[in-house]
Amino acid sequence: MLTMVKEKTIAPTEEKAVVYRTKELNLWYGEHHALKNIELDIYENEVTAIIGPSGCGKSTYIKTLNRMIELVPNVRTSGEITYRGRNIFDPTYRVEELRTQVGMVFQKPNPFPKSIYENVAYGPRIHGIRDKKILDEIVEKSLRGAAIWDEVKDRLHENAYGLSGGQQQRLCIARCLAIEPDVILMDEPTSALDPISTLKVEELIEELKKNYSIIIVTHNMQQAARISDRTAFFLNGEVVEFAETDQLFSTPADKRTEDYITGRFG
Amino acid sequence: MEKIMPKLLLLTAAVSMFTTLGIVFTLLFETFTFFSRVSIVEFLTAKEWLPWNEKSGSFGIAPLVTGTLLTTAIAMLVAIPVGLASAIYLSEYATERTRKIIKPILEVLAGIPTIVYGFFALTFVTPLLQKIIPGLEVFNALSPGLVMGIMIIPMVASLSEDAMSSVPNAIREGALGLGSTKLETAVKIVLPAAASGVIASFVLAISRAIGETMIVAVAGGSSPVLTFDVTQSIQTMTAYIVQVTTGDAGYGTTIYYSIYAVGMTLFVFTLAMNLLAQYISRRFREEY
Amino acid sequence: MKRLVDHSEVIQHMNGRLVKNNIFKLLFFFATVFGLIILVVLLYRVFTQATGWLNIDFLQNFPSRIPERAGIKAALVGSIWLMAMVAPLSLFLGVGTAIYLEEYAKKSRFTDFIQTNISNLAGVPSIVFGLLGLTVFARGMELGRSVLAAGLTMSLLVLPVIVVASQEALRAVPNQLREASYGMGATKWQTIYRVVLPAAVPGILTGSILALSRAIGETAPLIVLGIPTFIAYLPKSVFDTFTVMPMQIYNWTGRPQEEFQHVAAAGIVVLLVLLVMLNSIAIWIRNKFQKRF
């Protein structure tokens, strides 16, 4: 069993607002049934980790939360996901609107081939902010928020591709913060990073939790244990167990969860 | 076999080298002969191209160059916006199925012989335009320019689409994830990322238009005049070569040599464009 | 936390952005089908103009000053002669070059130079190839306006296309095939001739047929060579003077009488049918041999 590094304080669930509520979500890639009857609540200002072996549907699920999954051809869904009480599959819910509230950080750092400044300013710009002063302020605030300001403040107008992998990923987090989202989705954000960069990103997540609700997919159980408040264990497209992280890792209710976290498979 | 084949194959590979050498030397030698009769200064600076007038002939390339640039410019006004718009549609909006249907059709458009386009320009587009523009002459720059543009659309569309498709999807997802519309993603993120390939496709299209012969020879006319009036009959460099070689300009006459001087000019123009396109796509290649 | 982005303004701003997106999507779509529309108009025009003029007589007659008697026989046969000349010659030279570059040549400045040269050659206007043919073949070798002079010129013109297509086909042959052949003790040439080349044949043929259809449709270099358009006999050898379909169509297009436009349209239909046939073969080969490895 893993020993908990930090003391976690979680308020009773009743008091916390629900950001995302998933009800009977099913998803198919063509004929392949990838998500089966998912039921999951995501709470405000918490880090929710989603763990599970490859192909369990954890990435698919997180991409469904901002409807990024629709970029894959032949995807069908049934059921409901409500974000702050509104069904995101409602045809009147514009996906662009959803994505200004729900930012996403991807598996591999994917900065735009532009300057560091332009990367961060891109989001606010398309959303109608033209004022140079406000943009400057947003860029600085976002880069500080992503704990990368000190490293890049002297070279804001250099190409983002000159940064290291870890820096690029933090830049992508800054880019996401710039539109001041409510929720941040992170799809295995450290899987392409070295241990030191990973540590920095993890510390950053701890910090971001104060202001944002974070959902993180990870294949790394220690990571989930270190940084998350709640953990969902996915297996073969189903939620096997969803509980407070300490509880899930110390006293798993399901045999399969126990097998997975003790390394018996996956 | 093991010893002979590599040598034989090297020989075939050498043919392409000899072709280039052949082109360069042919043009150089005959152009030299031409410049022994007509001064190079006249060729480059005179404003009239009157080769047929034996007594007071004038060999200033300018009218042929402007004729070429005029039709090329019109063609680009059609081919670049339409071609780029199709490229954006195919690479950013279309589903895989639509793409699979439309791309072969564009290939067909590119595969139609240019003489057919020339026929189309002269017998269909020109009469049509004459109804809209009353002063339009039977031979003019506008009609072949437009038709040439249509012919070049597939080239711009296909090369630009290749450049845009090679931009990794991860970058697109990054933009869409911030709430960008597809338009914003295409124009603000993908297009700048693919800029080198896209611009190179424009330059290649210009080169293609400059060297295009049959459309302008059939529908552009044979009046080498220094004008930017698109309703008038003009003559391009290529159309001049066609005019001379169709007629009976005897071997050894100044007119005969003049087609090499014009051909040389044409060659230099298109080569410069091709080298520029290669330079752009190499120098500004994006690394993702 | 101080907020710099006003989300209600963002939502308001969004309407305009989405409208713009939809308008442009429509514009982009129209641009894409624009070519298709033109293609339909062009074909419709040509076919309606050709009806009544395209018949058995048209295929059997030699050219004539009287539009009703004008036929495409000499040009059709001439185009086939040209094909028969260009196909083997350009294939031999093109595939040879491709094999040399892909299988034998080491990466060096020299091969880079050949490669750059080929791509530049592909960008040389066809009329310039005509000037080369006129000087070297027609006058220099005194081949005149013969099938041979035209065939040599056209072969050089389509050579770069065939080289590039063949190189791609050869590159697509997996290295395991080569290694397996060497593993059984085959020599380099045996491997190329018996293993690599057969595997690359579909790709090479597809590319070559497309190159050949370009040669069939080309007019400009032949005008420069001085290929005539009024010929009332068929070539008996490669040294004979001849004409081809694009030349004949060019000539008819330029005639002042209205009727000759119909004759030209009939000629275009014959030319297009030949091209469609060639391309169908290319597509058939591509589909038949696709996904062999």
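The numbering scheme is per chain: residues are counted from 1 as the chain's sequence reads. The order in which chains are written sets their letters, starting at A; the order in which ligands are written sets their numbers, starting at 1. Reporting of local features is limited, given that this is a predicted model, to residues whose pLDDT is at least 70; pairs of side-chain atoms are given and counted only at 80 or more, and all residues count toward the totals for whole chains, interfaces and linings. Remark: hydrogens and water are excluded; side-chain values derive from all non-hydrogen atoms of the structure.

Per an unreviewed UniProt entry, chain C goes by Phosphate transport system permease protein PstA and derives from Anoxybacteroides voinovskiense. UniProt positions are given in the numbering used here, feature names are shortened, and annotations may be inferred rather than shown by experiment. What UniProt records for chain C under Sequence similarities (unreviewed entry) is the sentence "Belongs to the binding-protein-dependent transport system permease family. CysTW subfamily."

Turning our eyes to something else, we now look at the sheet that holds strand S5 (residues 86-87) of chain A. Residue and element names in this part refer to chain A. An order of S2-S1-S4-S5 is seen for the four strands of this open sheet, with the pairing classed as antiparallel. Of all the strands in the sheet, the pair left with one neighbour each is strand S2 (32-43) and S5. Strands are labelled as partners when DSSP assigns at least two bridges between them. Secondary structure elements are defined from DSSP: runs of H or I of at least 4 residues count as helices, runs of E of at least 2 residues count as strands, and each element is numbered from the N terminus. In this sheet, S2 lies alongside strand S1 (residues 18-29) in antiparallel orientation, the contact comprising eight bridges. Among the inter-strand pairings, Tyr29 is bridged to a residue of S2, identified as His32. Whether two residues touch is decided by their heavy atoms; if any such pair falls within 4.5 Å, the residues are in contact. Every axis in this analysis is a line fitted to C-alpha atoms, fitted for helices over the stretch in contact. Angles between the N-to-C directions lie between 0 and 180 degrees. Across the sheet, helix H1 (residues 58-65) lies against S1, S2 and strand S4 (75-83), angled at about 120 degrees from S1, the strand it touches most.

Let us look at the sheet that holds strand S9 (residues 230-235) of chain A. Residue and element names in this part refer to chain A. The six strands are arranged S6-S7-S8-S3-S9-S10 in an open sheet whose pairing can be described as mixed. The sheet is open, and its two borders are formed by strand S6 (102-105) and strand S10 (238-244), each paired with just one other strand. In this sheet, neighbouring strand axes are inclined to one another by 15 degrees on average, regardless of whether the strands run parallel or antiparallel. For strand S3 (residues 47-51) and S9, the ladder comprises four bridges, and the chain directions are parallel. For Thr48, the partnering residue across the bridge sits in S9 and is Arg230.

Glancing now at the packing of aromatic side chains. Residues and elements named next belong to chain B. Ring pairs are drawn from Phe, Tyr and Trp, using the six-membered ring of Trp, whenever the two centres fall within 6.5 Å, and their geometry is named by plane angle: stacked under 30 degrees, edge-to-face over 60, tilted for the rest. Scanning all chains against the criterion turns up 23 aromatic pairs over all chains. On the numbers, 5.4 Å between centres and 90 degrees between planes, the contact of Trp49 with Phe59 is edge-to-face. Separated by 10 residues along the polypeptide, Trp49 in strand S1 (residues 49-50) and Phe59 in strand S2 (residues 58-59) bring together distant segments of the chain. Like Trp49, the residue Phe59 is buried in the burial classification. Centroid distance Tyr89 to Tyr93: 6.2 Å. Interplanar angle 10 degrees. Geometry classified as stacked. Using a 1.4 Å probe on the protein chains alone, a residue whose accessible area is under 20% of its type maximum counts as buried, one over 50% counts as exposed, and one in between counts as partly exposed.

It is worth spelling out the pattern of salt bridges at this point. All names here are of chain B. One speaks of a salt bridge when a side-chain nitrogen belonging to Lys or Arg is within 4 Å of a carboxyl oxygen belonging to Asp or Glu. For the structure on display, the rule yields 30 salt bridges over all chains. Measuring nitrogen to oxygen at the nearest pair gives 2.8 Å for the salt bridge that ties Arg172 to Glu92. With Arg172 in helix H7 (residues 169-177) and Glu92 in helix H3 (residues 62-93), this pair connects stretches of sequence that are 80 residues apart. Between Glu212 and Arg208 there is a salt bridge, and its shortest N-O distance comes to 3.6 Å. Classification of Glu212 by relative accessible area gives buried; the value is 5%. Here Arg208 falls in the partly exposed class, since its relative accessible area comes to 34%.

This part takes up the confidence of the model for chain B. One confidence number per residue, pLDDT, is output by the predictor and ranges from 0 to 100. Per-residue confidence for chain B gives a mean pLDDT of 92; residues scoring 70 or more make up 98%. H3(B) holds the highest mean pLDDT among the elements of chain B, 96, whereas helix H4 (residues 96-111) of chain B holds the lowest, 87.

With that out of the way, let us pick up the UniProt feature "transmembrane region" (unreviewed entry) in chain C. The positions that UniProt labels "transmembrane region" (unreviewed entry) are, in the present scheme, residues 26-47, 80-101, 121-141, 147-170, 191-212 and 263-285 of chain C. Split by type, residues 147-170 of chain C is 100% helix and 0% strand. Its first and last C-alpha atoms lie 31 Å apart.

This next bit is on the domain arrangement of chain C. Residue and element names in this part refer to chain C. By convention here, the domain bounds are inherited from an automatic or database domain assignment. Taken as a whole, chain C is organised into domain 1 (7-50) and domain 2 (58-289). Between the C-alpha centres of domain 1 and domain 2 the distance comes to 37 Å. Tallying the contact residues gives five residues for domain 1 and seven residues for domain 2. Buried area is calculated as the accessible area (1.4 Å probe) missing from two parts once they are joined, with the contributions of both summed. Both faces considered, domain 1 and domain 2 share a buried interface measuring about 530 Å² in area, 74% of it formed by carbon and sulfur atoms. Interface area lost by domain 1 to domain 2 is led by Val46, Gln49 and Ala50, which between them contribute 76%. Taken together, the links from domain 1 to domain 2 amount to zero salt bridges. Residues adjacent in sequence count toward polar contacts only when both atoms are side-chain atoms; beyond that, a polar contact is any pair of N or O atoms within 3.5 Å, and within protein one must be able to donate a hydrogen and the other to accept it. Inspection of the region where domain 1 meets domain 2 yields one residue pair in polar contact (both at pLDDT 80 or more). Residues are grouped as follows: nonpolar covers Ala, Val, Leu, Ile, Met, Phe, Trp, Tyr, Cys and Pro; charged covers Asp, Glu, Lys and Arg; every other residue, Gly included, is treated as polar. Looking at side-chain class alone, the side of domain 1 that touches domain 2 contains four nonpolar, one polar and no charged residues.

A separate point is the environment of Met264(B). Residue and element names in this part refer to chain B. Relative to the helices and strands, Met264 resides in helix H12 (residues 254-283). A relative accessible area of 18% places Met264 in the buried class. In this structure the C-alpha to C-alpha distance between Met264 and Val24, which are 240 residues apart in sequence, comes to 8.3 Å. Each residue touching Met264, except ones within four places of it in the same chain, is listed here: Leu27, Leu28 and Thr31.

A word on the interface of chain B and chain C. It is common to report an interface's size as the accessible area lost on association of the parts. With 70 residues of chain B at the interface, the matching set in chain C holds 70 residues. Taken together, both faces of the contact between chain B and chain C bury some 6,200 Å²; the carbon and sulfur share is 77%. Between the two partners, chain B and chain C, sit one salt bridge. Where chain B meets chain C, there are 12 residue pairs in polar contact (both at pLDDT 80 or more). It is helix H1 (residues 4-37) of chain B that contributes the most residues to the side of chain B that touches chain C, 16 residues altogether. Residues of the side of chain B that touches chain C, tallied by class, amount to 44 nonpolar, 22 polar and four charged.

Across the boundary between the two partners, chain A contributes 18 residues, which contact 13 residues of chain C. Carbon and sulfur atoms make up 58% of the surface buried where chain A meets chain C, a total of about 1,600 Å² over both sides. On the chain A side of the contact with chain C, Arg94(A), His127(A) and Glu180(A) bury the most area, a combined 35% of that side's loss. At the boundary of chain A with chain C, the tally comes to zero salt bridges. Our count for the contact surface shared by chain A and chain C stands at nine residue pairs in polar contact (both at pLDDT 80 or more). Of all the elements in the fold, those that place two or more residues in the side of chain A that touches chain C are helix H2 (95-101) and helix H4 (132-145) of chain A. For the side of chain A that touches chain C, the per-class residue count stands at seven nonpolar, five polar and six charged.

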